[in-house]
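Structural features, examined
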Amino acid sequence: MDSFFDLFDPSPSSGSNSDSDLRNGNEDPVMMSNERVHSIRELLHPNNESNNELVLKGIDFNRGFLPPEPQLGNIEYKLKLINPSKQRFEHLVTQMKWRLREGNGEAIYEIGVSDSGHLHGLDDADMTVSLQTLNQMARKLDASTSILRRKSLADHRSVVEVLVRKIPDDQHNIEVRVAVLGGADAGKSTLLGVLTQGEFDNGRGLARLNMFRHMHEIQTGRTSCISHETLGFDAEGCVINYKYNEMMTAEEISDRSTKLVTFMDLAGHRRYLKTTVQALSGYCPHHALIVIAAGNISNMTREHLAIIQALDISFSIIVTKIDLAPPEPILFELKNLLTSIGYRKVPYLISNQDDVLNANAHQSVEQIVPIFCVSNVTGAGLDLLIQYLYVLSPGISNAEKERLEQQPIEFQIDEIFRVSEVGTVAGGLLCKGVLTENSQVKVGPLQDGSFFSVTVQTIHRNKAPCRVVRAGQSASLSFSTVEPMPALRSGMVILPDYESNDVACGCFFFQAQVSVLFHATRIFKGFQTTVHIGSIRQTAIIEGIMGAGDTGIGTNQSASVLFRFVRHPEYVRSGMRILFREGTSKGIGKVTQVFPLKTTLNTTG
């Protein structure tokens with residue numbers, strides 16, 4: 001089996017192609033030479049000193065220094081780790097445990113770097129001892145280590161970056177949920193087919209056939225519903241997908257992987273925008289990949305970018321089809337879009353292995369948007385994208401995860417299935433708590449706002465049965481009940497059976513503090529819009545705008561607004577994020593007050 005560095009080739013030397021492209025007989029149109037990469041970087045940052053300082057100095061491993069060691073997060077600098085005392089060793093282990101908690105099971109150690117970020121480096125003997133000590137620290141916590149990169153300095157000294165990974169005791173692997181968006185015909189399904197099946201596309205859509213779930217999707221080539229696929233990695237960083245062996249299944253990929261990337265292939269056509277927004281709002285992905293075909297940025301792609309920005313989801317951009325068109329024009333468009341007032345992001349072109357690790361380490365802090373240029377036909381650039389997915393962090397600390405797990409369960413239903421000999425199956429995301437088989441729960445709200453008691457019979461995750469699902473994980477549930485099961489719908493929730501009727505109750509009316517991102521004129525009382533709250537997607541009417549009088553609210557204005565659902569009650573609680581849209585109009589906000597249906601009925605009665 002290939003090693004980590006065999007799978008992810010080091011950055012190519014000047015004027016040469018990567019080994020993988022030479023083996024495949026392919027010429028990489030993006031990374032043919034350092035001059036080409038330099039010209040594209042100049043295109044992204046012409047005469048922009050602040051961006052140049054940030055991208056080329058502040059986070060560049062090759063400039064001789066790094067940013068000062070962050071107090072929070074999962075990155076740790078160590079000048080050397082040579083023969084520590086027993087007390088010092090225990091302190092280092094405790095420190096590693098904390099960094100792993102901050103990174104949800106993953107930490108990055110820079111060996112040979114001072115706390116100020118200066119690259120001092122170590123000679124070969126000291127580096128060998130330091131790495132041995134780091135391995136002993138990791139073994140103490142049942143964690144694994146893998147070297148990400150090594151930089152040579154003067155006087156035969158070097159700096160090494162190491163990934164430390166510890167899988168939680170009650171989990172098989174570390175999971176990252178990634179949403180894949182972009183306009184129609186951008187190549188989203190084809191890209192996922194190449195990544196998960198391990199075979200390049202033939203240029204006529206062969207790779208995407210495994211992603212489709214309906215006949216009309218195969219006939220039109222357009223995704224219309226949410227499709228879930230997985231890509232696994234073992235401890236050494238080797239890819240585990242359906243090409244790993246001839247009889248590979250989704251369950252085996254999950255079992256063999258120490259890290260699992262779960263992709264959500266979302267629709268790109270405007271007709272299915274409501275499904276795409278519901279998936280982003282309901283499944284709460286850790287990261288998003290915006291796929292753009294080399295050529296131009298479609299209006300649908302701009303819409304997806306605006307929604308991602310509104311929901312505050314970190315994202316990267318994949319420019320595909322570079323075997324058909326040069327990427328420079330689209331990169332220039334992206335530079336202008338991402339640096340505009342609405343985004344204020346820093347585009348960061350990924351051209352080698354160092355770029356991948358730099359971007360991942362500083363993406364959240366520096367507002368960096370990594371940009372990859374790939375071809376699904378020739379395979380150009382895919383190695384760098386795969387390595388990026390390998391080091392991509394879930395972005396939520398273990399402490400926050402534990403806090404959510406200690407709260408009462410709240411499972412948002414996003415999809416409903418009918419399975420023969422099983423009955424109704426509900427798929428969705430567990431937002432809070434820990435849910436186990438045979439748990440007594442309530443599902444609702446029904447039309448009168450009440451909840452129905454059921455028992456969770458079986459749980460499936462990543463197409464494989466399991467006994468427990470934890471906060472932040474998506475799953476499918478089947479139920480057993482004495483009485484006939486009421487019809488379930490997307491937007492319902494599952495709550496603990498012990499919750500009082502006051503808590504477990506739907507509502508028609510709720511109040512939210514909202515900001516209008518865009519509206520052609522102004523919004524007044526009576527405005528009808530589609531509201532997204534978690535997995536909820538329903539038409540609502542604005543019944544009142546506090547403090548706006550007869551003037552209403554317009555673009556970039558905020559107000560407290562009273563909404564009323566039109567069709568049926570929903571379970572809403574204070575603090576939930578709300579996104580509303582109607583045509584090109586968009587707004588975001590948070591729920592501030594809820595008026596439960598039973599309370600409303602008692603008051604009016």
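Structure shown above.
All of the points below concern the structure found in this document. Note that the coordinates shown come from a computational prediction; the quantities given were computed from them, not determined experimentally. (Residues numbered from 1 in each chain as written. Predicted model: local features only at pLDDT ≥ 70, side-chain atom pairs only at ≥ 80, totals over all residues. Heavy atoms only, no water.)

The end-to-end C-alpha distance of helix 6 (residues 124-140) is 24 Å, a good match for the 24 Å that 17 residues give at a rise of 1.5 Å each. What helix 6 keeps buried is the set Met127, Ser130, Leu131, Thr133, Leu134, Met137 and Ala138. One side of helix 6 carries all its buried residues, which in axial view fall inside an arc of 160°. Across from the buried face of helix 6, at angles greater than 90 degrees, the exposed residues are Asp124, Ala125 and Arg139. Buried residues along helix 6 sit against helix 5 (86-102), strand 2 (106-111), strand 3 (144-152) and strand 4 (158-165). Positioned one or two residues after helix 6, Asp142 has a phi angle of 60°, which is positive. (Helix = DSSP H or I, 4+ residues; strand = E, 2+ residues; numbered from the N terminus. Expected span 1.5 Å × (residues − 1). Buried < 20%, exposed > 50% of the residue type's maximum accessible area, 1.4 Å probe, protein only. Arc of directions from axis to C-beta. Contact = heavy atoms within 4.5 Å.)

Taking strand neighbours around the barrel as the criterion, the six strands line up as 22-25-24-23-26-27 in a closed arrangement whose pairing is antiparallel. Neighbouring strand axes in the sheet, compared pairwise and without regard to direction, differ in orientation by 45° on average. The pairing of strand 23 (residues 528-533) with strand 24 (residues 536-546) spans six bridges and is antiparallel. Considered in strand 24, the bridge of Thr530 is made with Thr539. This element, helix 10 (residues 273-283), spans strand 23, strand 24 and strand 26 (577-582) of the sheet and lies at about 35° to strand 23. (Pairing = 2+ DSSP bridges. Axes fitted to C-alpha atoms, helices over the stretch in contact; angles between N-to-C directions.)

Our next topic: the packing of aromatic side chains. All chains considered together, the criterion is met by six aromatic pairs. A ring pair is formed by Phe233 and Tyr390, whose centres lie 5.3 Å apart and whose planes are at 55°; its orientation type is tilted. Remark: Tyr390 occurs in helix 14 (residues 382-391) and Phe233 occurs in strand 6 (residues 227-233); sequence separation between them is 157 residues. Here the two residues Phe233 and Tyr390 agree in accessibility, since each one is buried. Their ring planes at 35° and their centres at 5.2 Å tell us that Phe510 and Phe565 sit as a pair that is tilted. Of this pair, Phe510 sits in strand 22 (residues 507-518) while Phe565 sits in strand 25 (residues 558-565); the two residues are 55 residues apart in sequence, bridging distant segments of the chain. Here Phe510 falls in the buried class, since its relative accessible area comes to 0%. Members of the aromatic cluster, each reached through a chain of ring pairs, are Phe510, Phe563, Phe565 and Phe580. (Phe/Tyr/Trp six-rings, centres within 6.5 Å; stacked < 30°, edge-to-face > 60°.)

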